Structure formats: structure tokens, C-alpha cells
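Analysis of the macromolecular model
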Amino acid sequence: MKKEEILRAIRDCAKDLGRNPNLREMREIAGVPTKTVYKQLGGVASALKAAGLTPIGPGFSLTETELLLDWGAVARNLKKVPSAWEYERQGRFTPKPFYTRFDNWMGVPKAFCNFMGKPKNQGLNRQWRDVLKLIATKPEVVVPVWPSAVRPSRRRTLPDRPVYGSPMQLAEMAHAPTNEMGVLFMFGVMARRLGFIVHRLQPGFPDCIAMREIAPGRWQRVRIEFEFESRSFFKHRHRADKCDVIVCWKHNWKECPKGLEVVELGKEVENLHRGGAEARRKAYGG
């Protein structure tokens, strides 16, 4: 394919999709081989620019104005504050740049209000009053605190019933993990927020091979071992030099080697609830 034919195919693909094609869509829909995109055009961003399109999405620089106005447009269309899933279906971008810029999804309404409250945006404030009203009238969602204050001796454990972890108030998993399988599932729930993309799960050590974004548009391969408690890594006699990250529910291995990173999902869930509750309180006038 000649360069102009490649660019025409990319433009036609974008027109059919109603948005910019990604690398896979360039290959499968436009018929442009991945090798051609990089060798002849210098990558996805360069290919989109050469085709007269504006590169947008993960890995590209997005302004606060672009993100928040697009979020506001989705809220206006839905007539409610959108969830991350609802935004992903209707918005121009993925939720990822919002997590990067505003820490968590619950912080986006607050950021929208703050943005519209800036003196330079008074004109925009008038245009987006309907969305500001949607945010102001959204009911507070209270995330309860579940303290482990009951002594085990005061409550009889029924031998014929399973034991659950504390309630977490997450849509994907109602109770905290109590074993390694629960940690594996919770990692799947939170992998995107933590910046991981899983490539392979396997029965042998290490449990998982994944890619992790270390900088905008730059990724590295990491080896992950799942444990309910981090010190089990030592108990199982795993080699630290063959693993990059321990993903656990509870980090209790004080002697963990400095070069071995630990992701404590229990703390991540706490931070998610704490940050979400605080963002909701401030954003909705609580």
C-alpha cells in the first residue's frame, strides 16, 4: 500500500466507526498491517495526525477542559451523574485519564464544579448549569465503616457454614477475600485502576504475567505472585529474583526484599472508599 492509500483507509475507518481507530482496528478493519503503521507512519499518533485526525485517548495528552466538558456532555445526555461504565459507553475517552488526573471516579463531579467555578469560566458556568444542578441534587452515597470490634469468643462460629470477610460495598465483590483465590479475583476487579493489563495466568510460579504502564504511553512486563498474606511468599519458598510484584490482601512481611514490590489490595480498597466518600461529600455540598 502506498502512503496515501494507507491514510485514506485510516480516514475511512474513522468515518465508519465515528471515532479514531485504534491499532487493532487499523489492522482488522482498515487493512493496514501493524508493521506498516510503525515502519511507514511512525506509530498510531503519527498515523492519525498524517490522516488529518486528532489523536485522543490513553497515551495522548488531554486537557482538563477536554475531559470535563466531555464528561459533562455525557451527564447531560443521561440526565444524571454517569458511572465510569456509563461514561465509557458514551464518552469520547476511556475513564483512565480521569483516574490519572482526578485520583478516582468519584472525584470527577467535584473537579467539574471547581472548573466551572473559576472566574475565567463564568461563561461556561452559565452554559452548564443543568449539569451543575444534576451534581448538586445527586444524593450522598454513604460508605459505612465496618470495624472488626467483636471478639471471636463472643460469637459462636457455626461449623457447617462458610466464613466471609468484612463487607466492602463494591459492586463486583460483596465481602473481603479470605484466601488467595479471592485475592486473584480482587486483582481482576482493580487491575485497570492499578495500571495493569493481564497477559497470562498460570498454575506455576509466578502466577501472572502482566504489563504495567510506567509513564504515559510506556509499558513494561512484570511477573506477579498472588498471596493472601505477603509473608506466605517466604513460606512457599518462592524466589524473589524471579518475581517483580506480590499482590496480596494483607502485607505482613516486614523482611520483604526492597526490590520486590508489594501491592496490598486491602489498603487500596480502603483508599478507594475513603477518597470516594470525601469526594462525594465535597462535590455534593456535604
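Structure first, text after, so check above.
In this text the structure is predicted, and so the values were computed from the model without any measurement.

1. Brief notes about the packing of helix α1 (residues 3-17) against helix α3 (residues 34-41)
At their nearest, the axes of α1 and α3 sit 12 Å apart, and the two run at 120° to each other. Between α1 and α3, the interaxial angle falls into the category oblique. Helix-helix and strand crossings are classified by hand; for α1 and α3 the assignment is left-handed. Counting all contacts with α1, which are made through Lys3, Ile6, Leu7 and Ile10, the residues of α3 involved are Thr36, Gln40 and Leu41. Looking at the contact of α1 with α3 residue by residue, the classes come out as four nonpolar, two polar and one charged.

2. Let's talk about the environment of Pro55
Here Pro55 is to be found in the loop between α4 (44-50) and α5 (64-78). Given the relative accessible area of 15%, Pro55 is considered buried. For the pair Pro55 and Pro21, spaced 34 residues apart in sequence, the C-alpha to C-alpha distance is 9.8 Å.

3. Side note on the nonpolar core
In terms of nonpolar packing, the biggest core is built from 21 residues, with Trp71, Phe98 and Phe112 touching the most fellow members. Not counting the four nearest positions on each side in its chain, Trp71 is found in contact with Val81, Pro82, Tyr87, Phe98, Trp105, Val108, Pro109, Phe112, Val131 and Ile135. Among the nonpolar cores identified, the runner-up in size contains 20 residues, and Ala191, Ala210, Val245 and Val269 belong to it.

4. Regarding the packing of aromatic side chains
Throughout the structure, instances matching the rule amount to eight aromatic pairs. Each ring, one from Tyr87 and one from Phe98, has its centre 5.0 Å from the other, and the planes form 75°; the classification is edge-to-face. Residue Tyr87 is found in helix α6 (residues 84-90), and its partner Phe98 is found in helix α7 (residues 96-102); the two are separated by 11 residues along the sequence. In terms of burial, Tyr87 and Phe98 fall into one category: buried.

5. Focus on the sheet that holds strand β1 (residues 196-201)
Either a parallel or an antiparallel arrangement is found when strands of a sheet pair, and the pairing is made through backbone hydrogen bonds. The sheet built from five strands is open, its strands ordered β1-β2-β3-β4-β5 with mixed pairing. Across the chains shown, the open sheet's two edge strands, defined by having one partner strand only, are β1 and β5 (261-264). Ignoring which end each strand starts from, the neighbouring axes of this sheet average 35° apart. Taken together, the seven bridges between strand β2 (residues 208-215) and strand β3 (residues 218-229) define a ladder with antiparallel strand orientation. Counterpart to Ile209 in the pairing with β3 is Arg223.

6. Quick notes on the pairing of β2
Here five bridges tie β1 to β2, and the two strands are oriented antiparallel to one another. When the sheet's bridge partners are listed, Val198 is paired in β2 with Ala210. Connecting β1 to the antiparallel partner β2 that follows it, the hairpin turn spans six residues.

7. Details of the packing of helix α8 (residues 108-116) against helix α10 (residues 129-137)
Orientation of α8 relative to α10, taken along the N-to-C sense of each, is 135°, at an axis distance of 10 Å. Here α10 runs oblique to α8, going by the angle between their axes. Relative to α10, the crossing made by α8 is left-handed. Where α8 approaches α10, its residues Pro109, Phe112, Cys113 and Met116 are matched on the opposing element by Val131, Leu132 and Ile135. By residue class, the composition of the contact of α8 with α10 is seven nonpolar, no polar and no charged.

8. Concerning the environment of Arg27
Structurally, Arg27 can be placed in helix α2 (residues 23-28). By relative accessible area, which is 39% here, Arg27 ends up partly exposed. Among all residues touching Arg27, those that are not within four sequence positions of it are Val32 and Thr34.

9. Observations concerning the side chain of Asp207
Its location among the elements puts Asp207 in the loop between β1 and β2. At 10 Å, Arg200 is the nearest oppositely charged side chain to Asp207, a buried residue that forms no salt bridge. A distance of 2.9 Å separates a polar atom in the side chain of Asp207 from the backbone nitrogen of Phe226. Aside from chain neighbours lying at most four places away, what touches Asp207 is Glu180, Arg200, Leu201, Gln202, Ile224, Glu225 and Phe226.

10. Let's talk about the side chain of Ser230
Its location among the elements puts Ser230 in the loop between β3 and α12 (232-235). Judged by relative accessible area, Ser230 falls into the buried class, the value being 0%. A distance of 2.8 Å separates the side chain of Ser230 from the side chain of His251, its partner in a polar contact.

11. Describing the state of the cysteines
The tally for this structure, following the rule as stated, stands at zero disulfides. Unpaired in terms of disulfides, Cys248 finds its nearest cysteine sulfur in Cys256, a separation of 8.8 Å. The exposure class of Cys248 is buried, given its relative accessible area of 0%.

Quick notes on the rules
- Residues numbered from 1 in each chain as written.
- Predicted model: local features only at pLDDT ≥ 70, side-chain atom pairs only at ≥ 80, totals over all residues.
- Heavy atoms only, no water.
- Axes fitted to C-alpha atoms, helices over the stretch in contact; angles between N-to-C directions.
- Helix = DSSP H or I, 4+ residues; strand = E, 2+ residues; numbered from the N terminus.
- Parallel < 35°, antiparallel > 145°, perpendicular 65-115°, else oblique.
- Left-handed = near helix turned anticlockwise from the far one by under 90°.
- Contact = heavy atoms within 4.5 Å.
- Nonpolar A, V, L, I, M, F, W, Y, C, P; charged D, E, K, R; others polar.
- Buried < 20%, exposed > 50% of the residue type's maximum accessible area, 1.4 Å probe, protein only.
- Core = buried A, V, L, I, M, F, W, Y, C linked by side-chain atoms within 4.5 Å.
- Phe/Tyr/Trp six-rings, centres within 6.5 Å; stacked < 30°, edge-to-face > 60°.
- Pairing = 2+ DSSP bridges.
- Lys, Arg positive; Asp, Glu negative; His and termini not counted.
- Salt bridge = Lys/Arg side-chain N within 4 Å of Asp/Glu carboxyl O.
- Polar contact = N/O pair within 3.5 Å; in protein donor to acceptor, adjacent residues only side chain to side chain.
- Disulfide = S-S within 2.5 Å.

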